[in-house]
Amino acid sequence: MSRLKTSLPDNLAASVKATVADWQSGNKIRRLWQRDATLWTGDDEDKWLGWLDITQYQIEHSSVPRGLQKEVWSAGFKHACLLGMGGSSLCPEVLRMTFGKLPGYPDLHVLDSTDPAQIKALEEKIDIARSLFIVSSKSGTTLEPNIFKQYFFERTKQVVGADKAGSHFIAITDPGSKMQQIAEHDRFRLVFYGWPSIGGRYSALSNFGMIPAAAMGIDVRKFLDRAQEMVRSCGPSVPLEENTGAMLGIILGTAAVNGRNKVTIITSPDIADLGAWLEQLLAESTGKVGKGIIPVDRERLAAPEVYGNDRVFAYIHTQHATDVGVEAKIAALEKAGQAVLRISMGDIYDLGAEFFRWEIATAVAGSIIGINAFDQPDVEASKVETRKLTSKYEKTGSLPPEKPVLEESGIKLFTDDKNAAELAHAVGADKSVSAYLEAHLARVHAGDYFAVLGYVQMNAADEEKLQAIRHAVRDKKRVATCLGFGPRFLHSTGQAYKGGPNSGVFLQVTCDDPIDLPVPGQKYTFGVVKAAQARGDFQVLAERGRRALRVHLHDVKSGLSKLADAVPAAVA
């Protein structure tokens, strides 16, 4: 098993030592494995710890994914399309981005966006007649997987006929869910079940991760065996200072309560997408009641002087994918007194082990921070607001009208009354986009973080522009920065942005959709759903007193270019 190596500043090392002593005297790792809810808040945490046992169960039932692999092979599917959100989609995405297409098996695609252009781009990549659709939804009531299914089931009926469409679909869901009922009604090929005692973000090693892994041809037994080695090394009988998952969690939790609550994730290129999964696990588990860890993924490494002392750097790489330049920058951070954690994986099959290590670590960190590591109250708040808007559209055929605080050259600015008053006072007579951006970014202070929330198509061109914006702010303000694509981040970092520390400054980016797609059986379209999700997201940010500004672009390509040019000038 890959070991955890640490380099901690003296004050943090002393605090970690004290926390270790507290966990040893309180026998807390054993209590975690005994499902003692009082280790967290004493609420219902004991009902959400099924992930502790899932790996052994999956190994004992590994004939199930092997059977799926044989069926997929014999059916001749060319593509497998995972339709899900958050915990149902991020692990499969990591696996696809890491393992690639494996010979003889379908090419796995993951859809976790309501952006119409992104859905259309997926449709154009696949041959529907030779595609298997994996509808993944724990509850069966999550909006996005349901409407993805409606869209692609209708398209499949058009291509192969209503009598054969169901054979192109499988479901992964909890027993008795609405999705199970839909799958049975529509005669899906197969239904695989999750455990009700495992929440979505802890479900990577359950069927929610392992069924897509099998469909794409991964050796699931090998993957699970690696994970089980980590389970044993994190077990209740392992001495605490040798328990790699517990020690990682103790460091993360202790660092967070001592002000180092921005965990900056650095990975080697071959496991680059692991950060997306870690973002959800850390942010959604810990970011609530004004506390928590803010994960920072895909932020370019810089010189030590760019960083404050609110960071922990987690450097995860495979043994054969180290980069001399990255190693030198990590060493410079250590020399400068930053908190640095190093994890060296043997190869990409060790991802299974990392999934479990970080799950244990997150549960431990949540206990130290003092929150319920297994609920997501503010994610639900955004869903409620979105449902209100889509329901209104179903009744009236339109979303409620909006009034921008400023409109200029194809760009509209929106915000709530409180933020509008603050920004109007700051800009004075200069009512321009650049002045508003400058005023908004002037609200970013040391110890804060800046997050770009892009409700645009997730592609290389758009990401390049949004990355330029975040890095301009990082380099000038010397604060942590985040980038999320909507609506997928709503099921991930969105929890921490709304429920965690009120230290975020948010720039939401929305756009007119160049194309739109219908949702079969509904008045609303995918574009309407995405707009409702963005509005609901912003409304909850505003209700939580966050510093937030929304930039709406008439033309996304030219608008993002203007924005990418304007932000560096505004933050100078």
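That block above? That's the structure.
Residues numbered from 1 in each chain as written. Predicted model: local features only at pLDDT ≥ 70, side-chain atom pairs only at ≥ 80, totals over all residues. Heavy atoms only, no water.

**Some details on the sheet that holds strand E15 (residues 504-511)**
For clarity, the threshold we go by: Any two strands with at least two DSSP-identified bridges between them are counted as paired. Per the convention used, a helix needs a DSSP run of H or I reaching at least four residues, while a strand needs a run of E reaching at least two, with both numbered from the N terminus. Axis lines are fitted through C-alpha atoms, for helices just across the contact stretch, and the angle between N-to-C directions can take any value from 0 to 180 degrees.
Spatially, E11-E12-E16-E15-E13-E14 is the arrangement adopted by the six strands of the open sheet, whose pairing is mixed. Each edge of the sheet is formed by a strand with only one pairing partner; in this case those strands are strand E11 (406-408) and strand E14 (480-485). Sheet twist, expressed as the average angle between the axes of neighbouring strands with direction ignored, equals 15 degrees. Sheet analysis places E11 next to strand E12 (residues 411-414), joined by three bridges and oriented antiparallel. Among the inter-strand pairings, Glu407 is bridged to a residue of E12, identified as Lys412.

**Section: unusual backbone geometry**
Test applied: Whether a residue is buried, partly exposed or exposed follows from its accessible area with a 1.4 Å probe, protein chains only, as a fraction of its type maximum: under 20%, in between, or over 50%, in that order.
The step from Gly486 to Pro487 runs through a cis peptide bond, and the omega angle for that step is 5 degrees. Of note, Pro487 is situated in the loop between E14 and helix H19 (494-499). Positioned with a positive phi, Asn27 is a non-glycine residue whose angle comes to about 50 degrees. In this structure, Asn27 sits in the loop between helix H1 (10-25) and helix H2 (28-33). Notably, Arg187 is not glycine yet its phi reads approximately 55 degrees, a positive angle. Note that Arg187 resides in the loop between helix H8 (178-185) and strand E6 (190-193). Overall, the relative accessible area of 57% leaves Arg187 in the exposed class.

**Structural notes on the nonpolar core**
Going by this rule: Each nonpolar core is a collection of buried residues, namely Ala, Val, Leu, Ile, Met, Phe, Trp, Tyr and Cys, held together in the definition by side-chain atoms within 4.5 Å. In what follows, a contact means two residues having at least one pair of non-hydrogen atoms within 4.5 Å.
Counting residues in hydrophobic clusters, the biggest one holds 92 residues, and the most contacted among them are Trp51, Phe223, Leu252, Trp277, Phe356 and Trp358. Of the residues forming this core, the biggest block, 11 residues, is contributed by helix H14 (residues 351-369). With near-sequence residues (within four places) excluded, Trp51 lies in contact with Ile198, Tyr202, Phe356, Glu359, Ile360, Ala363 and Phe374. Core analysis: the next-biggest nonpolar cluster, separate from the first, contains 36 residues, Leu437, Leu441, Phe485 and Ala570 among them.

**Focus: the packing of helix H4 (residues 63-75) against helix H9 (residues 207-215)**
Applicable threshold: Put simply, a crossing is left-handed when the front helix is turned counterclockwise from the back one by less than a right angle, and right-handed when it is turned clockwise. Under the grouping applied here, Gly and all other residues not named as nonpolar or charged are polar, the nonpolar ones being Ala, Val, Leu, Ile, Met, Phe, Trp, Tyr, Cys and Pro and the charged ones Asp, Glu, Lys and Arg.
Packing of H4 against H9 leaves a shortest axis separation of 8 Å and a crossing angle of 35 degrees. For the crossing formed where H4 meets H9, the hand is right-handed. Contact residues: Pro65, Leu68, Gln69 and Val72 in H4; Met210, Ile211, Ala213, Ala214 and Ala215 in H9. Here the contact of H4 with H9 is built from residues that sort into eight nonpolar, one polar and no charged.

**Structural notes on the packing of aromatic side chains**
Put simply, the rule reads: Two rings from Phe, Tyr or Trp (for Trp, the six-membered ring) form a pair when their centres are within 6.5 Å of each other. A pair whose planes differ by under 30 degrees is stacked, one over 60 is edge-to-face, and the rest are tilted.
Enumeration over the complete set of coordinates arrives at 26 aromatic pairs. Here the aromatic rings of Phe99 and Tyr349 are separated by 5.0 Å at their centres, their planes lie at 80 degrees, and the arrangement is edge-to-face. Residue Phe99 is found in helix H5 (residues 90-99), and its partner Tyr349 is found in the loop between strand E10 (339-345) and H14; the two are separated by 250 residues along the sequence. We note that Phe99, like Tyr349, is buried.

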